[in-house]
Every structure is written in structure tokens, then in C-alpha cells.
Amino acid sequence: MFSILKKTVYIVCIIILFFFAFNIFWGDKGYLEHRKLSKEKNLLLKKNVDIKKENYNLQKEINNLKNKEYIEMIGRKEYGMVEKDEKIYKFIDKKDVQ
């Protein structure tokens, strides 16, 4: 009878340990869930840094667009705009002309 009691206690202990091990690894707040959330957190932190850099660059662009000289420079470089009574000279390389 003593050996049956020992076996029963042993089996109950194994079942309890299995239950705890299962919850530690595969439970809602287990190790695997923790790893998944940790990776997700790191990804979100990286995205946050990228968005902060983009916001900083956009804020610099906004501040530059408040400057008349900057707007004039953009107009000249990107759109080929000129001021009134301004002359434009185009130089042609002799290599290009045949």
C-alpha cells in the first residue's frame, strides 16, 4: 500500500510540474509570448527612431520654406525660374556640337 501511495504522489508531482512547465513556455504570459513581444517592441522602437528622424527633417524643411532666399533657390534649381529682367546664358561644349 505504501508503494501505491508513493507512485500516486510521484505521478501527481509530475503532472503538476508538467502543468507549470507548460504554462511557463506556452501560456499566455509564457516565455515564447515574452520573446514575441520583445521582438515586436524592438521593431516598434526602431520605427519610432525612424519616424523621429523623418519628423526632424520635415521640420527643417518647414523652417527653410519660411525663408524667402530658400524658396528662390528652390525655384531656380528645380524649376529653372528667373527673376524679371534677368538674362540666362547657356554654354554649349564644342564636343557636343557636330
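Here is what the cut-offs are and how they apply
Residues numbered from 1 in each chain as written. Predicted model: local features only at pLDDT ≥ 70, side-chain atom pairs only at ≥ 80, totals over all residues. Heavy atoms only, no water. Helix = DSSP H or I, 4+ residues; strand = E, 2+ residues; numbered from the N terminus. Rg over C-alpha atoms; globule rule 2.2 N^0.38 Å. Areas by Shrake-Rupley, 256 points an atom, 1.4 Å probe, with all protein chains shown as cover. Salt bridge = Lys/Arg side-chain N within 4 Å of Asp/Glu carboxyl O. Buried < 20%, exposed > 50% of the residue type's maximum accessible area, 1.4 Å probe, protein only. pLDDT = per-residue confidence, 0-100. Contact = heavy atoms within 4.5 Å. Expected span 1.5 Å × (residues − 1). Arc of directions from axis to C-beta. Polar contact = N/O pair within 3.5 Å; in protein donor to acceptor, adjacent residues only side chain to side chain.

Caption draft 1: View of the overall build of the chain. When helices and strands are counted, the chain shows three helices and zero strands. Moving toward the C terminus, one meets the helices and strands of the chain in the order α-α-α. For 98 residues, the compact-globule formula gives about 13 Å, and the C-alpha radius of gyration of the chain, at 36 Å, lies well above that figure. Each of the three principal axes of the chain carries a C-alpha extent, and together these read 115 × 40 × 10 Å. When the accessible surface of the chain is summed, it comes to about 10300 Å², and 63% of that surface belongs to carbon and sulfur atoms.

Caption draft 2: Expanded view of the pattern of salt bridges. Summed over the entire model, instances satisfying the criterion amount to five salt bridges. Across the pair glutamate 33 and lysine 36 runs a salt bridge whose closest N-O atoms are separated by 3.9 Å. Separated by three residues within a single helix, glutamate 33 and lysine 36 lie in helix 2 (residues 31-65), roughly one turn from each other. Lysine 46 is the partner of aspartate 50 in a salt bridge, and the nearest nitrogen-oxygen pair spans 3.5 Å. Taken together, the residues span about one helical turn, with aspartate 50 and lysine 46 both in helix 2 at a distance of four residues. Classification of aspartate 50 as partly exposed rests on a relative accessible area of 37%.

Caption draft 3: Region of interest: the confidence of the model for the chain. For the chain, the average pLDDT comes to 88, and 95% of its residues sit at 70 or higher. Per-residue pLDDT, averaged within each element of the chain, yields its smallest value for helix 1 (residues 2-26) (85) and its largest for helix 2 (95).

Caption draft 4: The environment of glycine 75, seen in detail. Position of glycine 75 relative to the elements: it lies in helix 3 (residues 68-79). On the basis of relative accessibility, which here comes to 8%, the residue glycine 75 falls in the buried class. Considered as a pair, glycine 75 and asparagine 64 are eleven residues apart in the sequence and their alpha carbons are 13 Å apart. Sequence-distant contacts of glycine 75, that is, excluding residues within four places in its chain, are made with Gly80 and Met81.

Caption draft 5: Expanded view of helix 3. Over its twelve residues, helix 3 runs 16 Å from end to end, which matches the ideal 16 Å to within 8%, given 1.5 Å per residue. The set of residues buried in helix 3 consists of Tyr70, Ile74 and Gly75. End-on view of helix 3: buried residues confined to an arc of 140 degrees, all on one side of the axis. Residues of helix 3 that are exposed and point over 90 degrees away from its buried face: Lys68, Glu69 and Lys77. Considering only its buried residues, helix 3 is in contact with helix 2. If you check the start of helix 3, you find a side-chain oxygen 3.0 Å away from the backbone N of glutamate 69, and it comes from asparagine 67. Taken from the residues just after helix 3, glycine 80 is the one with a positive phi, measuring 65 degrees.

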